[in-house]
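Listed below, chain by chain, are the residues.
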Amino acid sequence: MPAGPIPYLLQRHCRLLVALAMLFVSAAAHARTGEIALTIIGDERMAEELTKLTQDLEKDQPLTGDSLALLQGAQARRARIATALRSKGYYDARVTATIAGQPVDEPAALDAIEQRPDADKITFTIQVATGPVYHVVDLAIQGPSDIVGYPGLDRSKLALGPGKPADAALILATEDEILGQVRDRGYALAAVTLREVLIDHATREAHVTFTVESGPTARMGRVRFSGTEKVDTTYLQKRVPFEEGDPYSPAKVNAMRDRLTSLGTFNSVRIKPATALDERGELLFDVELTDRVPRTIGFGGSYETQRGFAISGFWMHRNLFGEAESIKLSAEVNHIGQGTMPQDLGYGFKVDFRKPDWLMKQQDAVANAAAVNEIFDAYHRKAVTLLLGIDQILNPQWRFKVGVNGEVSQIQRYGIWGDYKLVGLPAQVIYNRANSDVDPTEGFRITFNAAPYVDLTHSGDLFGILKLVGTAYLNVSGDGRSVIAGRAAFGSIPGGTNANIPFDKLFYAGGGGSVRGFAYQSAGPRDAFNNPLGGASLVEGSIEYRQRIGQSWGAVLFVDAGSAYTDTLPNFSQFAPRLGAGAGVRYYTDFGPARLDVGIPLNKRDGDAPFGVYVSIGQAF
């Protein structure tokens, strides 16, 4: 039977596939690989940066392909290194790249590669002589005298100045700082129309000039929202921290971004100011939003040697009724491995609800309900709690929380159970000047808690709990990679004694968030069996040195001190505060650092463990 059109097409396609396969095999056989041998002479500060640049290029654009591709890759690396040096102010730097002694720009370089066997890795030698860094000799800022002259423009706040390296990043940062100061005075459309850097190779000096045009003063205009399909844009107007016609301020624009981001309902918030003022002299804003998936499920875990393992999980809805109302259901099982299963397991179930901008801007209504079974050496507690309150952000630094708390509980110590019905008025004031809530590197934070309680079960007994906590962060390296962090805490219960205060409301010290190296709750008064008793006062202090290592890792050295005391004020004559020291590692993620700390008690008592291990999410403070 003669071959029809279908068999003919099959034969043709088969021959094509065979040809393509042979071409692929041929290309693979001629694929070559290369590497860079980098030598740096001169300023050692650039050695690490250039080495990392070369390594990053190798990850992103590996030296592989045919001989010409390898040669072009080596030429590109030499050019990138030369550009990096000039951007840092090394205008006399010399960068040479060779293969087998032949400069990569010469035709002989390609022949040198071709003469090597295909299987050989080709080594390109790049030699760098940094030479001296050029410095800025003068900084000129041109424009209207009332705008660019003092006190209109404070040059002491600029990163660049005479004597500083002619660093491109520093020059660009200074341009942003100049515009920031000018815009802070209401000139929303201010621009640097000319940035000029003149290099004098004879004197190795740089002359930098910025020309500024301020434009007219502006007022805050209308805000238009787009992109969201899940959040009511009429409600979002409540998050705008200014009124139409207010004087223009970049701080208000940043506050709007922060207020929208803090809702947790958006993946991105992009604010686009208009390029010109409207007829009323107002600057309009278009805000482009990208919705975040409203529902989230998460899991977590922690470990302390004395408390065992804890596992937790939660389900969260971020936009329950269309105005960023959030509800979070969470559960935890703890005390795992510290007793008989399941009798000695602790657990907790919680429901948290938040209604943003309740009754007024920046005031959230909050509600919390929980059922817990807590098992500690100090006590065993079963409780149901309910909290209703408000959380108000007064400004970027000040925050205030107040609520009404009800609690029904049973608490056991020494085999004896006691019943409690408490009503409290917890309040909290926070003054926050730290640069981050998750991983601060500079600034400080002060938190004051006050919680008066009435015990309805025991003749209306009254007591109050006061606690003051301060944390501070010193950015030693200037780039946030080396930080000294400190924490101090003081607590007192002035309205009662240990005898009539529920055991869970007493102060305890020790553990991962207190004095590391000592068991949770154990750094304080204890009974004859080394069980914690708790106290009516507390004092704590910690200092940490935090060092980032590479992109994702970090190390920590720490010293902690603190104890709880039976008196209303700490009585050091009873015993000295407990001291713990140790080290830890950090792995930095998008949602905060994961930490592992090992603490050793320096003045332990009988019954104290030789060390403690703590695994959790987030810095210790």
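Criteria and cut-off values
Residues numbered from 1 in each chain as written. Predicted model: local features only at pLDDT ≥ 70, side-chain atom pairs only at ≥ 80, totals over all residues. Heavy atoms only, no water. Pairing = 2+ DSSP bridges. Helix = DSSP H or I, 4+ residues; strand = E, 2+ residues; numbered from the N terminus. Axes fitted to C-alpha atoms, helices over the stretch in contact; angles between N-to-C directions. Core = buried A, V, L, I, M, F, W, Y, C linked by side-chain atoms within 4.5 Å. Buried < 20%, exposed > 50% of the residue type's maximum accessible area, 1.4 Å probe, protein only. Contact = heavy atoms within 4.5 Å. Polar contact = N/O pair within 3.5 Å; in protein donor to acceptor, adjacent residues only side chain to side chain. 1 Å grid on protein atoms, 1.4 Å probe; cavity = no way out; pocket = protein on both sides within 12 Å on 5 of 7 lines; lining within 4 Å. Points joined across faces, edges and corners; volume = space filled by probe spheres on them. Parallel < 35°, antiparallel > 145°, perpendicular 65-115°, else oblique. Left-handed = near helix turned anticlockwise from the far one by under 90°. Nonpolar A, V, L, I, M, F, W, Y, C, P; charged D, E, K, R; others polar. Salt bridge = Lys/Arg side-chain N within 4 Å of Asp/Glu carboxyl O. Expected span 1.5 Å × (residues − 1). pLDDT = per-residue confidence, 0-100.

**Concerning the sheet that holds strand β9 (residues 219-226)**
Here we have 3 strands laid out as an open sheet, ordered β9-β11-β10, and mixed in their pairing. In the strand order of this sheet, the two ends are held by β9 and β10 (266-273), each with one partner. Averaged over all pairs of adjacent strands, the angle between strand axes in this sheet comes to 20°, irrespective of strand direction. Sheet analysis places β9 next to strand β11 (residues 282-291), joined by 6 bridges and oriented parallel.

**Comments concerning the nonpolar core**
Core analysis: the biggest nonpolar cluster contains 24 residues, and L50, I81, L85, I99, F124 and V128 have the highest contact counts within it. Of all the elements in the fold, those that place two or more residues in this core are α2 (45-60), α3 (67-87), β3 (94-99), α4 (107-114) and β5 (122-129). A per-element tally of this core places α3 first, with 6 residues. Residues contacting L85, with those up to four places away along its chain left out, are M46, L50, Y90, A93, V95, V128 and T130.

**Side note on the side chain of R586**
By the secondary structure assignment, R586 is in strand β26 (residues 578-589). By relative accessible area, R586 is classed as buried at 0%. A polar contact of 2.7 Å, which involves the side chain of R586, links it to the side chain of D597.

**With respect to the layout of surface pockets**
Each pocket or cavity is described by its volume, and for the second largest pocket that value is around 290 Å³. Every residue lining the second largest pocket is listed: R45, M46, E48, E49, K88, Y90, V133, H135, P165, D167 and L170. Top element by residues in the lining of the second largest pocket is α2. It accounts for 4 residues.

**Remarks on the pairing of strand β28 (residues 612-617)**
Bridge analysis of strand β12 (residues 295-304) against β28 gives 2 bridges, and the strand direction is antiparallel. By the bridge assignment, Y303 is partnered in β28 with V615. Sheet topology places strand β27 (residues 592-601) next to β28; 6 bridges connect them, and they run antiparallel. Bridge assignment links R595 to a residue of β28, and that residue is S616.

**Topic: the packing of α3 against α4**
The interhelical angle for the contact between α3 and α4, taken along N-to-C directions, is 130°, at an axis separation of 9 Å. Classified by the angle their axes make, α3 and α4 are oblique. You can see that α3 and α4 cross each other, and the crossing is right-handed. Seen from α3, the contacting residues are S67, L68 and L71; seen from α4, they are A109, L110, I113 and E114. Residues that form the contact of α3 with α4 fall into these classes: 5 nonpolar, 1 polar and 1 charged.

**Some details on the side chain of H335**
Among the secondary structure elements, H335 is positioned in strand β14 (residues 326-336). Residue classification places H335 among the buried positions, given a relative accessible area of 15%. Leaving out residues up to four positions away in the same chain, H335 has contacts with R307, F309, D344, L345, G346 and I375.

**A closer look at the pattern of salt bridges**
Pairing between side chains becomes possible if they bear opposite charge and their charged atoms approach one another. For the structure shown, the criterion picks out 37 salt bridges. We note a salt bridge from R354 to D391, for which the minimum N-O separation is 3.2 Å. Separated by 37 residues along the polypeptide, R354 in strand β15 (residues 346-355) and D391 in strand β17 (residues 380-393) bring together distant segments of the chain. Relative accessible area serves as the criterion here: at 3%, D391 is assigned to the buried category.

**Remarks on the environment of V454**
Tracing the chain through its elements places V454 in strand β21 (residues 443-455). Filtering out sequence-adjacent residues up to four positions away, V454 remains in contact with K421, L422, V423, G460, D461 and L462.

**Describing the sheet that holds strand β2 (residues 64-65)**
The strand order β2-β1-β5-β3-β4 describes an open sheet built from 5 strands, whose pairing is mixed. This sheet does not close on itself; its edge strands, each paired only once, are β2 and β4 (102-103). Summarising the sheet, strand β1 (residues 32-41) and β2 pair through 2 bridges and their orientation is antiparallel. Residue pairing in the sheet places T33 in a bridge with T64 of β2. Sheet contacts for α2: β1 and β5; angle to β1, the most-contacted strand, approximately 170°. Packed onto the sheet, α3 meets β1, β2, β3 and β5 and runs at close to 15° relative to β5.

**What about the environment of S573?**
Examined against the element boundaries, S573 turns out to sit in the loop between β25 (553-565) and β26. Given the relative accessible area of 65%, S573 is considered exposed. Of the polar contacts made by the side chain of S573, one reaches the side chain of N571; its length is 2.4 Å.

**Quick word on α3**
For α3, with 21 residues, the first-to-last C-alpha span of 31 Å sits near the 30 Å given by 1.5 Å per residue. Buried residues along α3 sit in contact with β1, α2, β2, β3, α4 and β5. Immediately downstream of α3, the backbone of G89 shows phi near 95°, a positive value.

**Comments concerning the confidence of the model for the protein**
Mean pLDDT for the protein: 90, with 94% of residues reaching 70 or above. Between residues 1-29, whose pLDDT stays under 50, and residues either more than four places distant or in other chains, the model counts 1 contact.

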